[in-house]
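One-letter residues, chain by chain:
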Amino acid sequence: MTQVEQQVQYSTSYVVTSTEEYMTQEDDWDRDLLLDPAWEKQQRKTFTAWCNSHLRKAGTQIENIEEDFRNGLKLMLLLEVISGERLPKPDKGKMRFHKIANVNKALDFICSKGVKLVSIGAEEIVDGNTKMTLGMIWTIILRFAIQDISVEETSAKEGLLLWCQRKTAPYRNVNVQNFHISWKDGLALCALIHRHRPDLIDYSKLRKDDPIGNLNTAFEVAEKYLDIPKMLDAEDIVNTPKPDEKAIMTYVSCFYHAFAGAEQAETAANRICKVLAVNQENEKLMEEYEKLASELLEWIRRTIPWLENRVAEQTMRAMQQKLEDFRDYRRVHKPPRVQEKCQLEINFNTLQTKLRLSNRPAFMPSEGKMVSDIANAWKGLEQVEKGYEEWLLTEIRRLERLDHLAEKFKQKCALHETWTRGKEELLSQKDYESASLMEIRALMRKHEAFESDLAAHQDRVEQIAAIAQELNELDYHDAATVNSRCQGICDQWDNLGTLTQKRRDALERVEKLWETIDQLYLEFAKRAAPFNNWMDGAMEDLQDMFIVHSIEEIQSLITAHEQFKATLPEADKERMATMGIHSEILKIAQTYGIKLSGINPYTNLSSQDISNKWEAVKQLVPLRDQMLQEELARQQANERLRRQFAAQANVIGPWIQTKMEEIGHISVEMAGSLEEQMNQLKQYEQNIINYKSNIDKLEGDHQLIQEALIFDNKHTNYTMEHIRVGWEQLLTTIARTINEVENQILTRDAKGISQEQLNEFRASFNHFDRKRNGMMDPDDFRACLISMGYDLGEVEFARIMTLVDPNNTGVVTFQAFIDFMTRETAETDTAEQVMASFKILASDKVSRAGPPPPAARRPGLVGAGGGGDHLSPSPSLSQSYITVEELRRELPPEQAEYCISRMTKYVGTDAQPGALDYISFSSALYGESDL
């Protein structure tokens, strides 16, 4: 059954119930045809006074209820006054059939209002039948004075009784349970008056044992100040065991109608206060959003230039400080801003929900402060942040490489400069001019050995140049010194080459002059020089600095070193062979008595030099072993850090992904009330927050890795950045899910939606959410609406889709579905209702100023008499404006001043001084115009 069908069925049943109620009241009257004399007296007096209270508005009254209605004229006039409608023109004749015709017109009018008259005919009224006349008047009272009384879904007699009970509940000695004995002591009537007009009766001075005094006090005050005529006698009520219920109901109904206007004004004022309070609260939320958004955007604006500053430091210490500053930013400065961003999105969604629930236009933040703008700014911040971190790590690697290269450059330059020291002077000597043959030959061989040595040092010079070039390419901070030193070495090397060639040319010119050369010296020089060069290279390699980043790399160096050690026995043989040549020289000299000068003419190397260098090489080998083993231990420690980090990251990463998927399922599959769902989500959120210690531990391991300058980890695909982003997304997702349930609770409470309806909506949504992702496709949404009784055409369905999917995403979320169903099932305040409330306050001027003249008190019919008297309506008292005094009198001070400051001046021709236009103000509250 659709909502429209339910409303139609409800309206129909209400009419039927009203008609059945009248039939029941008429049946009661039939059973009471034999009235108790005391009741008849009370009814006669009460009904007469009630009729006169209306007839005097038309300038007439009755004296005898059964006589004065016999011709039907005053009966028709009474119906016109109380209904505000015109009856057919009465017959002017005075004969019996004229009277019957007039009475029938009145009875037909009563029947046309849905009242069934049982056993009451025009003849009985014309004949002056007291019982029938009283029954007819009671029927009129029921229809026009009691039927319209409605209190909390009860109407007529039950509604009037409930109203009396509500109004008198706070008063002592008052317990209204019926319309007869509950009113005998007069306290109930005095309580009704005191509840609405405490200035008229001092209730504290009334006594329960003085019923006549209490009743007369109520009758007198009601007649004097409330314009309610005296319809009952205190003595009759007190002395009757059970006063007449109809008489009491008639009299009490006059109090209900007398106070209805004040209650209506109170209700109107409350409605306005509620609307204004909602508007003020929304404005406060808007201001808070703007402030928070501005502060967050300003922080992002200040932070991005700092992260974009890529000016590199020249030392490793300075770059390490930059890295530490960046870690402080990640640990200390950014997390509160992440929370602010999440809270900003939650506040924005809550504000939009409140605006939608109160029929206000959606909140549009200032330009550049939309949630999407903040998200884009945040995305830009994270991109710059990621680039800054990559730059920092790259710079640290570069500086580490530069320090290594610079130290290596210095070492090779020092070795080269040591080797070249004095070589230019040596090559420039002309000692061959005065040397002997042997000396010449020695000089020649010596020069050949030098050339061999020079060629062997060519690689070192090229290495120095290559290192200098790499330092320049990596932008070494002291590149000028490096270039100057490298240039000096290269220039010197070129000069050595030139001098070497010149000396060789000179020696070759004189070589022909010399015949003999000491072969052993030559052999020693030839073997000693390469061996010495090998030892120099070995010492250089054993002292060479190295940098590695993995166990494999250090193992490679260890393997190379072991291979080098494996060559030492062969080198020792070469050393022994070279030393054997020297021994042979000494042996020959000793054998043939040759006096040696102690200097090998072909080389500066002596056997002692070879022995000393050999001992130095043997001492450097274990030192190299120790260095390699220490580096191996460091790399093994780094490997343990990698594995330790990977072990945690490989658990935390899937855990975060699993929790993200579980939240998606929970938001769709949760059962129970919204409060229970909220508690479940809060508990789930707390479990997630409790997991934060694992993230912090992983952060500590990550810091140890960075401090150890570990830049890769083959044991996991998760980086700390992945974990951080996943964790922030998990916290944001659970917060958004909780916010959706909070908005559903807000929707339920604001719209009056029951938990059963929300459960039904959830069940329908889950049934048609075939993909179980918390969203419905348009086809599923159409099927859901059809299952709920909607008869949808293409145009109507397209209109509904614009409501639930305004961004044309192609899906319907559960929140959009709930918003749509609450609009279909609940009432909300509208601009028209607020206008009507202001109209009531503005129209209440006359009633609050005191009782008006009889003819002007209520809009109705005036004029009476016999013959062809006519009835005409009086002008309406409603206004299109309201005054400042009325606002301050009817509304609390804060809401009254709010209205006065925003309402525009009323410009109508009937405006009074200080009149304000509440029509445009009410429209502006709901976005239909501008304040």
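For the structure, see preceding data.
About the cut-offs
- Residues numbered from 1 in each chain as written.
- Predicted model: local features only at pLDDT ≥ 70, side-chain atom pairs only at ≥ 80, totals over all residues.
- Heavy atoms only, no water.
- Helix = DSSP H or I, 4+ residues; strand = E, 2+ residues; numbered from the N terminus.
- Buried < 20%, exposed > 50% of the residue type's maximum accessible area, 1.4 Å probe, protein only.
- Contact = heavy atoms within 4.5 Å.
- Areas by Shrake-Rupley, 256 points an atom, 1.4 Å probe, with all protein chains shown as cover.
- Axes fitted to C-alpha atoms, helices over the stretch in contact; angles between N-to-C directions.
- Parallel < 35°, antiparallel > 145°, perpendicular 65-115°, else oblique.
- Left-handed = near helix turned anticlockwise from the far one by under 90°.
- Nonpolar A, V, L, I, M, F, W, Y, C, P; charged D, E, K, R; others polar.
- Phe/Tyr/Trp six-rings, centres within 6.5 Å; stacked < 30°, edge-to-face > 60°.
- Lys NZ or Arg CZ within 6 Å of the ring centre and 35° of its normal.
- Salt bridge = Lys/Arg side-chain N within 4 Å of Asp/Glu carboxyl O.
- Pairing = 2+ DSSP bridges.

Q: Help me understand the overall build of the chain in this model?
A: Assigned secondary structure in the chain consists of 34 helices and 9 strands. Expressed as a percentage of the 931 residues in the chain, the buried residues total 45%. Look at the contacts in the chain between residues 6 or more apart in sequence, and 76% of them connect residues 24 or more apart. Of the accessible surface of the chain, which amounts to about 47,000 Å², a share of 51% is contributed by carbon and sulfur atoms.

Q: Got a minute to help me understand the packing of helix α8 (residues 156-168) against helix α9 (residues 187-196) in this structure?
A: Helix packing geometry: the angle between the two helix axes and the distance between the axes. Where α8 meets α9, the axes come as close as 9 Å, and the angle between the chain directions of the two elements is 70 degrees. With respect to α9, the element α8 is oriented roughly perpendicular. Of the two possible hands of crossing, α8 and α9 adopt the one that is left-handed. Contacts between α8 and α9 pair Trp163, Cys164, Arg166, Lys167 and Thr168 from the former with Ala188, Ala191, Leu192, Arg195 and His196 from the latter. Considered class by class, the residues forming the contact of α8 with α9 number 5 nonpolar, 2 polar and 3 charged.

Q: Please explain the packing of aromatic side chains as it appears in this structure.
A: Between two aromatic rings, the relevant description is the distance of the centres plus the angle of the planes. Taken as a whole and judged by the stated rule, the model has 29 aromatic pairs. Aromatic pair Trp655 and Tyr691: ring centres 3.6 Å apart, planes at 10 degrees, arrangement stacked. With Trp655 in helix α22 (residues 607-669) and Tyr691 in the loop between α23 (674-690) and α24 (692-707), this residue pair connects regions lying 36 residues apart in the sequence. Of the residues examined, Tyr691 reaches a relative accessible area of 14% and is grouped as buried. Through pairs of rings, three or more aromatic residues link up here, namely Trp299, Trp306, Tyr329, Trp378, Tyr388 and Trp391. A cation over a ring is seen here: Arg782 above Phe797, with NZ or CZ 4.1 Å from the ring centre.

Q: I would appreciate a short explanation of the pattern of salt bridges in the present structure.
A: Using the criterion set out here, one finds 56 salt bridges in the structure. Between Lys157 and Glu245 there is a salt bridge, and its shortest N-O distance comes to 3.0 Å. With Lys157 in helix α8 and Glu245 in helix α12 (residues 245-308), the pair connects residues that are 88 residues apart, well separated along the chain. For Lys157, a relative accessible area of 25% corresponds to the partly exposed category. Of the residues examined, Glu245 reaches a relative accessible area of 23% and is grouped as partly exposed. A salt bridge links Lys354 to Glu281; its shortest N-O distance comes to 2.7 Å. Placement of Lys354 in helix α13 (residues 316-357) and of Glu281 in helix α12 is noted, with a sequence separation of 73 residues between them. Here Glu281 falls in the partly exposed class, since its relative accessible area comes to 40%. Residues joined by salt bridges that share partners form a network here, namely Arg330, Lys334, Glu382, Glu385, Glu389, Glu699, Glu721 and Arg724.

Q: Where do I start with the sheet that holds strand β8 (residues 904-905) in this structure?
A: The strands that make up a sheet pair up through hydrogen bonds in the backbone, lying either parallel or antiparallel. On the basis of which strands lie adjacent, the open sheet formed by 3 strands has the order β7-β9-β8 and antiparallel pairing. With partners counted over all chains shown, the strands left at the sheet margins are β7 (882-883) and β8, one partner each. When β8 meets strand β9 (residues 915-917), the two strands line up antiparallel, connected through 2 bridges. By the bridge assignment for β9, Lys905 is matched with Leu916. Against the sheet, helix α34 (residues 918-925) touches β7, β8 and β9, its axis set at about 35 degrees to β9.

Q: Help me understand the side chain of Thr250, please; the structure alone is not making it clear to me.
A: Here Thr250 shows up in helix α12. Look at Thr250 and you get buried, because its relative accessible area is 0%. For Thr250, the contacting residues outside a window of four places in its chain are Thr46, Phe47, Trp50, Trp138, Ile141 and Met231.

Note that all results are geometric; they support no functional claim without further evidence.
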